[in-house]
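Structural description and commentary
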Amino acid sequence: MKPVSETLAADGRGETPPPAVERPVRIERAVAVAASTLLADEGDDGIERVLDVLLEATDTDFVFLDRNVHDPERGFGFTNVAARCRPGLELSSQVADIFTFVPWSRLPHSRQGLEEGRAVAFTVDELEGPERCFYRDVVETVTRSVVKLPVGRRGRWMGVLGFARTEAGHRWSDDDLDLLGTVASLIATFWERQELDEARTTSMAAMARRIEMEHALAEAGRMLLLGHGEDSLRQALEALRRATGASFAFVNTCEDDPELGPVICSHVTVAAPGLVATVADWEYWRRVPWSRLPTAYRQVAQGRAFAFTIDELNGKERAWYEQAPTRIRSEVKIPIFIGGDLAGIIGFSDLSRARTWDRQDLLLLATAARMVGVFWDRMRAKETLEKLVRSKDEFVAAVSHELRTPLTAVVGLAQELRSDLGRFSRDELEEFVGLIADQATEVAHIVEDLLVVARADIGQVNVAPTRVEIRPELERALAAVFADGEVTVAGDPATVTADPRRLRQILRNLSTNARRYGGPRVEVRVRPGDGVTIIEVRDDGEGIPPELRERIFEPYRTAHDIMGQPASVGLGLTVSRQLARLMDGDLVYLRDGSWSVFRLTLPS
Ligand code: ADP
């Protein structure tokens with residue numbers, strides 16, 4: 001079969017029976033009405049009016065306007081925009097449904113001509129293949145003769161303006177087609193203008209939304225910058241939730257649970273007016289192992305925002321969302337990092353919307369996440385500072401207490417002596433002066449420890465190592481603390497390389513501790529070795545709990561709060577280890593059976 005348009009052309013449109021005299025005039029008028037209607041921009045009503053006018057002017061049974069559509073799933077096709085029938089020829093709703101989308105592949109003959117910008121005219125009987133089936137099965141009642149005009153501009157084919165008659169073999173004059181072609185291009189212009197208007201409205205709406213988001217971000221920033229506690233975070237989050245229009249906004253923190261492993265924990269949640277996060281929700285989301293949300297974890301751990309609808313999730317992750325007391329439809333999670341570590345997430349969920357977030361929105365939300373990170377960082381720094389201030393206060397109290405005890409004795413005895421020196425016998429005087437000297441030495445020792453710690457903080461402690469005989473130093477240190485014969489020193493004589501003054505300071509601290517905190521039996525062992533000499537101060541006391549064995553070497557740290565010992569400064573071991581290390585040795589704690597051992601190593 002020849003293409004119908006050619007058949008029609010060959011038949012000679014001029015040979016069709018002459019139309020009613022006034023027909024060309026009617027069509028011309030219809031074109032003028034169409035032009036003024038479309039220019040007046042009456043929207044889709046205008047299109048309907050144009051079709052009405054065309055139906056009447058052309059004496060056809062059916063006028064239709066279709067618009068091309070690129071459907072991501074169904075491909076390239078068209079949808080009917082408007083249609084008008086001669087009275088008595090109404091189309092069934094079934095037919096109307098079919099024309100909500102028709103793939104162009106079903107009408108290859110029409111498509112070819114229209115795509116090339118030509119009018120296509122045919123009688124259904126002359127068609128072949130799928131197009132014939134389409135017209136036979138679907139719209140035979142009204143369309144025996146059809147003419148279709150491409151609606152398009154500047155090479156862009158946008159749709160079809162079509163006319164159909166119930167009787168077969170109707171012919172259209174070239175003049176008619178020219179005039180109707182003018183209407184088709186007016187419709188194309190009208191559509192283009194509509195598209196431009198829509199694009200402008202959309203971009204203005206997007207701009208307005210962006211401005212609102214930026215406003216919210218600034219507001220959130222202000223609150224996080226000026227505020228302190230959870231309330232500021234809540235207000236900041238609410239500002240962001242309002243701007244996004246989300247049902248819920250939340251901030252969760254990442255934690256390590258000894259049993260569950262890495263978990264994501266609810267921290268702050270805000271809800272849209274009329275919605276509440278129920279107790280059941282709170283409980284459900286309170287502590288969720290990351291292993292239940294593997295896709296979300298993979299994304300956020302790599303620093304990416306994860307936006308999803310629940311249908312897009314799989315397996316246990318989807319089940320977790322589907323079993324939640326309040327079922328949400330879509331969500332976005334944005335990671336919060338502090339110093340390279342995933343510290344938490346900020347998220348927004350929608351109950352009924354399958355929302356897609358655009359790049360710009362996600363960038364703004366990522367900024368919000370960074371601000372929360374900075375906020376948390378600041379909160380942590382503040383807490384550390386407060387703790388430090390507290391521990392310094394406690395330290396000052398402890399030091400004052402430690403210094404006051406010997407000082408009270410010194411002051412008391414000195415005052416007694418001054419009030420009446422002659423009252424005391426020589427033996428009494430010797431004893432008093434001895435006590436004053438001992439107590440003053442104790443004060444001097446505490447001050448010496450304090451100075452080491454203060455200087456070590458700024459790296460200014462000097463050591464002057466020489467060869468030192470260890471045994472006499474040990475005996476001197478022990479004699480100051482223990483009664484004669486109370487402590488045994490085992491091992492061979494040894495010489496170490498150390499600063500004698502600093503060595504004494506260490507030995508004094510270890511002996512005092514053994515007396516204060518150790519068991520009834522105390523012994524000291526010296527093991528000279530190749531390169532290093534080991535000096536162990538051992539006692540058979542309860543010792544130090546395993547979790548504190550390293551921490552007792554930290555400044556101001558004591559273990560006896562737990563063990564019920566009296567108050568002290570908590571510097572002796574810190575100082576001793578620092579000094580040992582400055583002299584290229586070390587000091588560690590270990591448990592040897594029922595013995596508590598402080599092991600000092602020094603270069604031989
Ligand atoms: P201080 O003696 O001022 O408390 P140290 O740094 O010397 O400070 O000691 C830190 C803590 O270690 C002590 O408070 C005590 O709890 C614990 N400790 C030290 N030596 C012993 C020991 N021999 N047995 C048990 N606990 C000890």
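Relevant structure appears above.
What comes next concerns the included structure. Note that the coordinates shown come from a computational prediction; the quantities given were computed from them, not determined experimentally.

The next thing to look at is the packing of helix H2 (residues 23-39) against helix H3 (residues 44-58). One way to put it is that H2 packs onto H3 with a least axis distance of 9 Å and a crossing angle of 175 degrees. Between H2 and H3, the angle is such that the two are roughly antiparallel. Contact residues: Arg23, Arg26, Ile27, Ala30, Val33, Ala34, Thr37 and Leu38 in H2; Gly46, Ile47, Arg49, Val50, Val53, Leu54, Glu56, Ala57 and Thr58 in H3.

Once that is clear, we can look at the environment of Ser185. By the element assignment, Ser185 lies in helix H7 (residues 174-226). A relative accessible area of 32% places Ser185 in the partly exposed class. When the C-alpha positions of Ser185 and Val151 are compared, they lie 5.8 Å apart, and in sequence the two are 34 residues distant. Those residues in contact with Ser185, other than ones at most four positions away along the chain, are Gly152 and Arg153.

Right, let's get into the pairing of strand S17 (residues 532-539). The element S17 is extensively covered by neighbouring structure, given that seven of its eight residues are classed as buried. In this structure, strand S16 (residues 522-528) lies alongside S17, joined through seven bridges in antiparallel fashion. Considered in S17, the bridge of Glu523 is made with Arg538. Between S16 and S17, which follow one another and run antiparallel, lie three residues, and Gly531 among them has a positive phi close to 95 degrees.

Along the chain, Arg501 turns up in helix H15 (residues 500-517). By relative accessible area, which is 46% here, Arg501 ends up partly exposed. Separated by 36 residues in sequence, Arg501 and Pro465 place their C-alpha atoms 9.5 Å apart.

Here H15 is 18 residues long and its end C-alpha atoms lie 25 Å apart, about the 26 Å a rise of 1.5 Å per residue gives. Among the residues making up H15, those that are buried are Arg502, Leu503, Gln505, Ile506, Leu507, Arg508, Asn509, Leu510, Ser511, Asn513 and Ala514.

Strand order in the open sheet formed by six strands is S9-S8-S7-S12-S11-S10, with antiparallel pairing between adjacent strands. In this open sheet, the two strands that pair with only one neighbour each are strand S9 (287-289) and strand S10 (306-309). When the angles between neighbouring strand axes are averaged without regard to direction, this sheet yields 25 degrees. Sitting on the sheet, helix H12 (residues 359-419) is in contact with strand S7 (248-257), strand S8 (261-271), strand S11 (330-338) and strand S12 (341-350), with an inclination near 40 degrees to S11.

As enumerated under the stated definition, the model contains 46 salt bridges in all. A salt bridge links Arg84 to Asp52, with the nearest nitrogen and oxygen atoms 2.5 Å apart. Taken as a pair, Arg84 in strand S2 (residues 75-85) and Asp52 in helix H3 lie far apart in primary sequence, 32 residues in all. Here Arg84 falls in the partly exposed class, since its relative accessible area comes to 23%. Here Arg525 and Glu523 are joined by a salt bridge, their closest N and O atoms 3.3 Å apart. Of the residues examined, Glu523 reaches a relative accessible area of 18% and is grouped as buried. Ionic contacts of the salt-bridge type, sharing partners, join the residues Glu523, Arg525, Arg527, Glu536, Arg538, Asp592 and Arg599 into one network.

Turning our eyes to something else, we now look at the nonpolar core. Counting 46 residues, the largest nonpolar core has Leu503, Phe598 and Leu600 as its most contacted members. With near-sequence residues (within four places) excluded, Phe598 lies in contact with Leu510, Ile535, Glu536, Val537, Ile544, Ile552, Phe553, Leu573, Leu587, Val588 and Tyr589. Met213, Ala236, Val270 and Leu364 belong to the second-largest nonpolar core, a separate cluster that totals 32 residues.

About the criteria used
Residues numbered from 1 in each chain as written. Predicted model: local features only at pLDDT ≥ 70, side-chain atom pairs only at ≥ 80, totals over all residues. Heavy atoms only, no water. Axes fitted to C-alpha atoms, helices over the stretch in contact; angles between N-to-C directions. Helix = DSSP H or I, 4+ residues; strand = E, 2+ residues; numbered from the N terminus. Parallel < 35°, antiparallel > 145°, perpendicular 65-115°, else oblique. Contact = heavy atoms within 4.5 Å. Buried < 20%, exposed > 50% of the residue type's maximum accessible area, 1.4 Å probe, protein only. Pairing = 2+ DSSP bridges. Expected span 1.5 Å × (residues − 1). Salt bridge = Lys/Arg side-chain N within 4 Å of Asp/Glu carboxyl O. Core = buried A, V, L, I, M, F, W, Y, C linked by side-chain atoms within 4.5 Å.

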